[in-house]
Amino acid sequence: MRRTVFNEDHEAFRETIRAFIEAEVVPVYDEWFAAGQAPRDFYYKLGELGIFGISVPEEFGGAGMDTHKFEAVLYEETARAGVQFGGSGVHVLLALPYLKMLATDEQKKRFLPKFASGEEMWAIAMTEPGTGSDLAGMKTTARQSEDGSHYVLNGAKTFITGGVHADKVIVCARTDAPTAEDRRHGISLFAVDTKSEGYSVGRKLDKLGLKTSDTAELAFVDVKVPVEDLLGEENKGFSYLGHNLASERWGIAFGAYAQAKAAVRFAKQYVQERTVFGKPVAHFQNTKFELAACQAEVDAAEAVADRATEALDAGELTPAEAASAKLFCTEVAHRVIDRCLQLHGGYGYMNEYPIARLYADNRVNRIYGGTSEIMKSIIAKDMGL
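Below is a short write-up of the structure. (Residues numbered from 1 in each chain as written. Predicted model: local features only at pLDDT ≥ 70, side-chain atom pairs only at ≥ 80, totals over all residues. Heavy atoms only, no water.)

**A word on the overall build of the chain**
(1) Moving on: In terms of helices and strands, the chain carries 12 helices and 10 strands.
(2) Moving on: Projecting the C-alpha coordinates of the chain onto the three principal axes gives extents of approximately 80 × 50 × 40 Å.
(3) Moving on: If you take every contact in the chain between residues at least 6 apart in sequence, the share linking residues at least 24 apart comes to 75%.
(4) Moving on: Split by element, the accessible area of the chain, about 18,000 Å² in all, is 52% carbon and sulfur.
(5) Moving on: When the 43 positive and 55 negative side-chain charges of the chain are each reduced to one mean point, those points stand 6 Å apart. (Helix = DSSP H or I, 4+ residues; strand = E, 2+ residues; numbered from the N terminus. Contact = heavy atoms within 4.5 Å. Areas by Shrake-Rupley, 256 points an atom, 1.4 Å probe, with all protein chains shown as cover. Lys, Arg positive; Asp, Glu negative; His and termini not counted. Charge placed at Lys NZ, Arg CZ, Asp CG, Glu CD.)

**Considering helix H9 (residues 285–313)**
(1) Moving on: End to end, H9 covers 42 Å across 29 residues, agreeing with the expected 42 Å (1.5 Å per residue, within 8%).
(2) Moving on: Of the residues one or two after H9, glycine 315 is the one with positive phi, at around 75 degrees. (Expected span 1.5 Å × (residues − 1).)

**Regarding the nonpolar core**
(1) Moving on: The biggest cluster of nonpolar side chains holds 91 residues, and the ones touching the most others in it are Val25, Phe42, Phe85, Ile170, Leu189, Val336 and Cys340.
(2) Moving on: Counting residues per element, this core draws most heavily on helix H8 (residues 245–273), at 15 residues.
(3) Moving on: Dropping the residues within four chain positions of it, valine 25 is found in contact with Phe20, Trp32, Phe42, Val83 and Phe85.
(4) Moving on: In this structure, Ala125, Leu153, Ala166 and Phe220 belong to the second largest nonpolar core, which totals 18 residues. (Core = buried A, V, L, I, M, F, W, Y, C linked by side-chain atoms within 4.5 Å. Buried < 20%, exposed > 50% of the residue type's maximum accessible area, 1.4 Å probe, protein only.)

**Quick word on helix H3 (residues 40–49)**
(1) Moving on: Restricting attention to buried positions, one finds in H3 the residues Arg40, Phe42, Tyr43, Leu46 and Gly47. Looking down the long axis of H3, one finds its buried residues gathered within 150 degrees of arc, a one-sided arrangement.
(2) Moving on: Looking at the buried positions of H3, the neighbouring elements they touch are helix H1 (8–25), helix H2 (29–35) and helix H6 (105–117).
(3) Moving on: One or two residues past the end of H3 sits glycine 50, with phi positive at roughly 90 degrees. (Arc of directions from axis to C-beta.)

**A word on the packing of aromatic side chains**
(1) Moving on: Under the counting rule described, the total for this entry stands at 16 aromatic pairs.
(2) Moving on: Each ring, one from tyrosine 151 and one from phenylalanine 190, has its centre 4.7 Å from the other, and the planes form 65 degrees; the classification is edge-to-face. Here tyrosine 151, found in strand S3 (residues 150–161), pairs with phenylalanine 190, found in strand S5 (residues 187–193); they are 39 residues apart in sequence, far enough to count as distant. Phenylalanine 190 matches tyrosine 151 in its accessibility class, with the two residues each being buried.
(3) Moving on: Over the face of the ring belonging to phenylalanine 6 we find arginine 14, whose NZ or CZ atom lies 5.2 Å from the ring centre.
(4) Moving on: Above the ring of tyrosine 44, the side-chain terminus of arginine 40 is found at 4.6 Å from the ring centroid. (Phe/Tyr/Trp six-rings, centres within 6.5 Å; stacked < 30°, edge-to-face > 60°. Lys NZ or Arg CZ within 6 Å of the ring centre and 35° of its normal.)

**Thoughts on unusual backbone geometry**
(1) Moving on: If you check the backbone angles, leucine 210 has positive phi at about 50 degrees while not being a glycine.
(2) Moving on: With respect to the helices and strands, leucine 210 occurs in the loop between strand S6 (199–204) and strand S7 (215–226).
(3) Moving on: A residue is classified by how much of its surface remains accessible, and leucine 210, at 15% relative accessible area, is buried.
(4) Moving on: Even without being a glycine, aspartate 222 presents a positive backbone phi close to 50 degrees.
(5) Moving on: Within the secondary structure, aspartate 222 sits in strand S7.

**Quick word on the packing of H9 against helix H10 (residues 319–343)**
A pair of packed helices is captured by two measures, namely the crossing angle of their axes and the spacing between those axes.
(1) Moving on: Between H9 and H10, the shortest axis-to-axis distance is 10 Å and the interhelical angle comes to 155 degrees. As the angle between them shows, H9 and H10 are arranged roughly antiparallel. Seen from above, H9 lies across H10 with left-handed handedness. Contacts from Thr287, Glu290, Leu291, Ala293, Cys294, Glu297, Val298, Ala300, Ala301, Val304, Ala305 and Ala308 in H9 reach Ala325, Phe328, Cys329, Val332, Arg335, Val336, Arg339, Cys340 and Leu343 in H10. (Axes fitted to C-alpha atoms, helices over the stretch in contact; angles between N-to-C directions. Parallel < 35°, antiparallel > 145°, perpendicular 65-115°, else oblique. Left-handed = near helix turned anticlockwise from the far one by under 90°.)

**Concerning the state of the cysteines**
(1) Moving on: Under the criterion given, the structure shown has 0 disulfides.
(2) Moving on: The thiol of cysteine 329 is not disulfide-bonded; the next cysteine sulfur, from cysteine 294, is found 15 Å away. (Disulfide = S-S within 2.5 Å.)

**Quick look at a nonpolar patch on the surface**
(1) Moving on: A grouping of Tyr347, Tyr349 and Met350 is seen on the molecular surface, where their side chains present a nonpolar patch of about 360 Å² in accessible area.
(2) Moving on: Assessed through its relative accessible area of 68%, tyrosine 349 is described here as exposed. (Patch = residues over 30% accessible without salt bridge, like charges linked within 9 Å, V, L, I, M, F, W, Y side chains within 5 Å. Salt bridge = Lys/Arg side-chain N within 4 Å of Asp/Glu carboxyl O.)

**Things to note about the pairing of strand S2 (residues 141–144)**
(1) Moving on: Sheet analysis places S2 next to S3, joined by 4 bridges and oriented antiparallel. Across the sheet, the residue bridging to arginine 143 is valine 152, located in S3.
(2) Moving on: Between S2 and S3, which pair antiparallel and follow one another directly, the connecting turn spans 5 residues, one of which, glycine 148, has a positive phi of 75 degrees. (Pairing = 2+ DSSP bridges.)

Laid out in structure tokens, this is it:
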């Protein structure tokens, strides 16, 4: 089926990204994998390439393009090459929407030029030990000082992608207690400088997959945050978090589809080259049937992912539609990648093969951004159930 989601500009961008990956990422990716993170200077290269500034307004150093289609191309090309761009995804997909939506003109002048260049990398800190998806249960607090000049931040966060290299972190904290009527009341968002006294990075977490993405624990002990670095209005943070969930879940859905597509590519190449019993593995009927079934699932996921992309760009992607896309694409990717690994036999279990890394990287898609079970609950509620 002919795709209509991308135009000539997107395809030209694809060629640039593919060449960049081959020259700058593939030759050193094994080193990143062993180190457990991409080097900090790699993010300057992404900034120079213009990746961070695609959606940043022109007056703040970006290209000012109000679209997610270039991000979609990035998902496809990194998956195709079997690589990740470290923890930089959260910088654009998660942090930038909050800055564009909530930052004042003064804050945008301070934050966005360095955001676009890669001089300052951003992360977002929501999850806390013991709370998981229950963001209303967060314990981190931000109390305003007596003179009103700053907030005092205390607490801890975990599973923070990009947390090791981050220069700025959007921290969710309680500025007021929850009420009996609304547990979500009292949460605010702050742009926190990671060089602040009392701010510390704990363990760099050892994950099953996404090995080149730095994920960390963060701790705040009497961290002073200037009142000028409050994002949006005080106590309205939970509504802000909900506003951007659709784009976050779109990103996970599209990334999962791209991984499934890449898995079929890896498996097809392997079975054509690998010989068993004197014949290429691709010669056997089971191989053909397995890959044909996987291709059919990828075709369906591509249609769902493309439709969600168009809806998101049009500002029409509803929470239920985003949940449906995430649920479908991540479950398809789970099935397809598992079957493609099986076609590799024992080699599929070796990290030197991209299918093995893809298998591990993919697993978190059904957990973060809301588990598959939460996606089902959202969809069921939208159905009136």
